[in-house]
Amino acid sequence: MDTVNFIIDNTILNPVVQRWMSVLFTIMMLSFLYRDNPLYKLGENTFLGISLGFGWVWSWNRIIVPYLFVPLKDSYLDFQPYDLTLVLWVIIGSTMFFRFSRNKGWIANYWFAFVFAYVAGYSIPIQVQALFIQGANMMKPLFEYPTFFEISKWFVIIFGTFAGLMYFFFSKPHRGLLGKTARIGILILMINFGASFGATVMGRIALFIGRAQVLADNIVPSIVITLSITVYLFIYFKYIKKEPGLDDELMH
Amino acid sequence: MEKFIYTLKKLDKRWIYLLIFLSCIIPFWFPDMFPQEFSTSKETQRVYDIINGLNEGDAIFIDWAFDPTLQAELLPMAEQTIKQALDKKIRVFIYYPLLTGISLGENLLENIKKEPGYENIENGVDYIHLGYLPIGVDMVLFSMYSDFKATFGKEGKIFEGIKTFGDIKYMVSYAGSAHPEIYISLQPRFGFKMGAGVTAVVGPDMVPYLQTGQLDGMLFGLKGAAEYENLRIKSGAEKKYNQKANAGMASLNLSHIIMFLFIGLGNLVYFYERKYKKSI
């Protein structure tokens, strides 16, 4: 066991190896931007495998053992009537496995029925309550802070919502007043989509900046690995894979 | 002109990828070439002011609903709020609704402990990792209002005087999804004050809650994190340890300039073709 720990400490847990691995996998994933290639596939599958493995181990250690096995063991040593509820939930939860069977799959429906009933009964009153408060609070600034900005904002919310809805009103032809309102509605929708899209792009760039920072902080590994992967890609596409695949066609 | 338009139209996408890549990485190598000056939004200021207004011994609750995939935007935010609270001797309770976020939070606190001024902070006294519970966040909230300490089964001096969630002065939810809405929907029932730190993707969905007052303040994407860092630096925090988000702002700006440029060029090609009614 000591040998295993020694190997792990000096490989996976070694900070230098970790830095190189971080840079290596970042550039492997980025190599897709040039063309789909085996290094990208390796990086992608490694990520998925590690994520699933990590999730399983953490779920086992942090959920199943402390909230199921330990209480079950304790109940065996010192049984209390309320321990039965634990067994009940294990049985009900285990019915999910019947989804694998074509004939007995219906058994899992009881669990789903319970979950849906719980969510509906619990969520609906709370959501309605929150929506009413949101609607009421939205109107407040008009009376509390009657500045030009707040008043105009209020009108944009009310009229914008109405105009947006009118764009999807197809019972009458979009001509005259309805047509103009629908036109304003689509403009407001486009402004909304543009703002959301802009924020999404900013978020995605921010995620990439996280990786760029890793590359910038580790200049030597970045240069060495980038050059190595470039040489590999050159050899791969020049001599090994000559015919473009579906992904390659989409890239151009 | 036609030759230029033709070149633009046939430009390989990979040149754009390369330019975006360079625009993100160059500012890290030459930070002095890209000075950063930007204003602080009132939403960020509000979160800062609320935590700043708390007294020594008060408690805040951090809802850590993100994992390493979103750390570029959300980790600097969480780091700054936690440090601000620790500076003011405010107790910090960190709850993890996502199992995969726990190690990120634990690492952050271990790294904070290595910085000057935070060497003596202790788990269970100044802050505590409340961990993950395999039940819905709404159920956790109900349980916290029944018995805060028993909900998580943890022990420590930090729990002194905290019987229910009502004894927590402020909470901030960090998420890259609509997760804070779970708390918002339960606000009318319990009446707690909360702010949010969200990714830029989720930000627009949370803005209505600011207007209605359901959220007291909000940190929006990387810029929100950078604003918060600046607020702390202005109040005396050491710049060296508090500029993770600021370091990325120059990259964010430069990459957006490149994108604007190519959006402009794309429109130029489109309108040129439309004007002369021909496809190049």
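K.L.:
Explain the overall build of chain B to me, using residue names and the numbers behind them.
P.N.:
Secondary structure assignment for chain B yields 11 helices and 6 strands. For the C-alpha atoms alone, the extent of chain B along its principal axes is close to 75 × 40 × 30 Å. Looking at chain B as a whole, 40% of its 280 residues qualify as buried. In chain B, the proportion of contacts linking residues at least 24 apart, taken out of those at least 6 apart, comes to 69%.

K.L.:
If you had to explain the overall build of chain A to someone new, which residues and values would you point to?
P.N.:
Secondary structure summary: chain A contains 9 helices and 0 strands in total. By the compact-globule yardstick of 18 Å for 252 residues, chain A is too spread out, its C-alpha radius of gyration being 29 Å. The dimensions of chain A, computed from C-alpha atoms along their principal axes, are 75 × 70 × 45 Å. The 252 residues of chain A split such that 10% are buried.

K.L.:
Give a description of the nonpolar core that names residues and reports values.
P.N.:
One finds B:Ile60, B:Ile62, B:Trp64, B:Val92, B:Phe93, B:Ile94 and B:Tyr174 to be the most contacted residues of the largest nonpolar core, which totals 84 residues. Considering each element in turn, this core owes the most residues, 8 residues, to helix 7 (residues 176–217) of chain A. What B:Trp64 contacts, discounting residues up to four positions off in sequence, is B:Ala78, B:Ile94, B:Tyr95, B:Tyr96, B:Gly101, B:Gly105 and B:Tyr174.

K.L.:
Give me the environment of A:Gly121: which residues, what numbers.
P.N.:
Mapped onto the elements, A:Gly121 comes out in helix 5 (residues 108–144). Taking C-alpha positions, A:Gly121 is 25 Å from A:Val87, a pair spaced 34 residues apart along the chain.

K.L.:
With reference to specific residues and values, describe the interface of chain B and chain A.
P.N.:
Accessible area lost upon the coming together of the parts is a frequently used measure of interface size. Each side of the interface is counted separately: chain B has 35 residues, and chain A has 33 residues. Counting only elements with at least two residues in the side of chain B that touches chain A, the list comes to helix 2 (13–29), helix 4 (71–87), helix 8 (180–190), helix 9 (203–211), helix 10 (221–234) and helix 11 (244–275) of chain B. Looking at which element gives the most residues to the side of chain B that touches chain A, the answer is helix 2 of chain B, with 7 residues. Considered class by class, the residues forming the side of chain B that touches chain A number 19 nonpolar, 13 polar and 3 charged.

K.L.:
Can you tell me about the domain arrangement of chain B, naming the residues and giving the values?
P.N.:
By domain assignment, chain B separates into domain 1 (2–24 + 251–275) and domain 2 (42–247). Spacing between the C-alpha centres of domain 1 of chain B and domain 2 of chain B amounts to 40 Å.

K.L.:
Could you give an account of the packing of helix 10 of chain B against helix 11 of chain B, naming the residues involved and the relevant values?
P.N.:
Residue and element names in this part refer to chain B. At a closest axis distance of 8 Å, the pairing of helix 10 and helix 11 adopts a crossing angle of 135°. Considering their axes alone, helix 10 and helix 11 lie oblique with respect to each other. Between helix 10 and helix 11 the crossing geometry is left-handed. Contact residues: Leu222, Lys223, Ala225, Ala226 and Glu229 in helix 10; Ala245, Asn246, Gly248, Met249 and Leu252 in helix 11.

K.L.:
Break down the domain arrangement of chain A for me, with residues and values.
P.N.:
Looking at chain A, the domain boundaries give domain 1 (1–71 + 241–252), domain 2 (80–140) and domain 3 (145–217). A C-alpha centroid distance of 38 Å is found between domain 1 of chain A and domain 3 of chain A.

K.L.:
Break down helix 4 of chain B for me, with residues and values.
P.N.:
All names here are of chain B. For helix 4, spanning 17 residues, the distance from its first C-alpha to its last is 23 Å, which sits close to the expected 24 Å at 1.5 Å a residue. Within helix 4, 14 of the 17 residues are buried, which leaves it mostly tucked inside the rest of the structure. In the segment just after helix 4, Lys89 is the residue with positive phi, at about 60°.

K.L.:
Describe the pairing of strand 5 (residues 194–198) of chain B, naming the residues involved and giving the relevant values.
P.N.:
Residues and elements named next belong to chain B. For strand 5, a buried count of 5 out of 5 residues is recorded, marking the element as mostly surrounded by other parts of the structure. Judged by which residues are buried, strand 5 turns out to be covered on both faces: Met194, Ala196 and Val198 on one side and Gly195 and Gly197 on the other are all buried. In this structure, strand 4 (residues 170–175) lies alongside strand 5, joined through 5 bridges in parallel fashion. By the bridge assignment, Met171 is partnered in strand 5 with Met194. Crossover handedness for the path strand 4 to helix 8 to strand 5: right-handed. Pairing analysis gives 3 bridges linking strand 5 to strand 6 (residues 218–220), with the strands arranged parallel. Bridge assignment links Gly197 to a residue of strand 6, and that residue is Leu219. Where the polypeptide runs from strand 5 across helix 9 and back to strand 6, its parallel neighbour, the crossover connection is right-handed.

K.L.:
Quick one: what's the story with the pairing of strand 3 (residues 127–131) of chain B, residue by residue and with numbers?
P.N.:
Residue and element names in this part refer to chain B. When you tally the buried positions in strand 3, you get 4 out of 5 residues, the bulk of the element. Two elements, strand 2 (residues 91–95) and strand 3, share 4 bridges in a ladder whose sense is parallel. Residue pairing across strands places Phe93 opposite Ile128, the latter belonging to strand 3. The β-α-β motif built from strand 2, the intervening helix 5 (residues 102–113) and the parallel element strand 3 has right-handed crossover chirality.

K.L.:
Report on the sheet that holds strand 4 of chain B, specifying residues and quantitative values.
P.N.:
Residues and elements named next belong to chain B. Pairing is parallel in the open sheet, where 6 strands are placed in the order 3-2-1-4-5-6. Both edges of this open sheet fall to strand 3 and strand 6, since each of them pairs with a single strand only. Between one strand axis and the next, the sheet turns through 15° on average, direction left out of account. Sheet contacts for helix 3 (residues 42–52): strand 1 (59–65), strand 4, strand 5 and strand 6; angle to strand 6, the most-contacted strand, approximately 135°. Lying over the sheet, helix 10 contacts strand 5 and strand 6, oriented at roughly 120° with respect to strand 6.

What counts, and where the lines are drawn
- Residues numbered from 1 in each chain as written.
- Chains lettered and ligands numbered in written order.
- Predicted model: local features only at pLDDT ≥ 70, side-chain atom pairs only at ≥ 80, totals over all residues.
- Helix = DSSP H or I, 4+ residues; strand = E, 2+ residues; numbered from the N terminus.
- Buried ≥ 20, exposed ≤ 12 C-beta atoms within 10 Å, placed from the backbone.
- Contact = placed C-beta atoms within 7 Å.
- Rg over C-alpha atoms; globule rule 2.2 N^0.38 Å.
- Core = buried A, V, L, I, M, F, W, Y, C linked by C-beta atoms within 7 Å.
- Nonpolar A, V, L, I, M, F, W, Y, C, P; charged D, E, K, R; others polar.
- Domains from an automatic or database assignment.
- Axes fitted to C-alpha atoms, helices over the stretch in contact; angles between N-to-C directions.
- Parallel < 35°, antiparallel > 145°, perpendicular 65-115°, else oblique.
- Left-handed = near helix turned anticlockwise from the far one by under 90°.
- Expected span 1.5 Å × (residues − 1).
- Pairing = 2+ DSSP bridges.
- Right-handed = clockwise from strand over helix to strand, strands pointing away.

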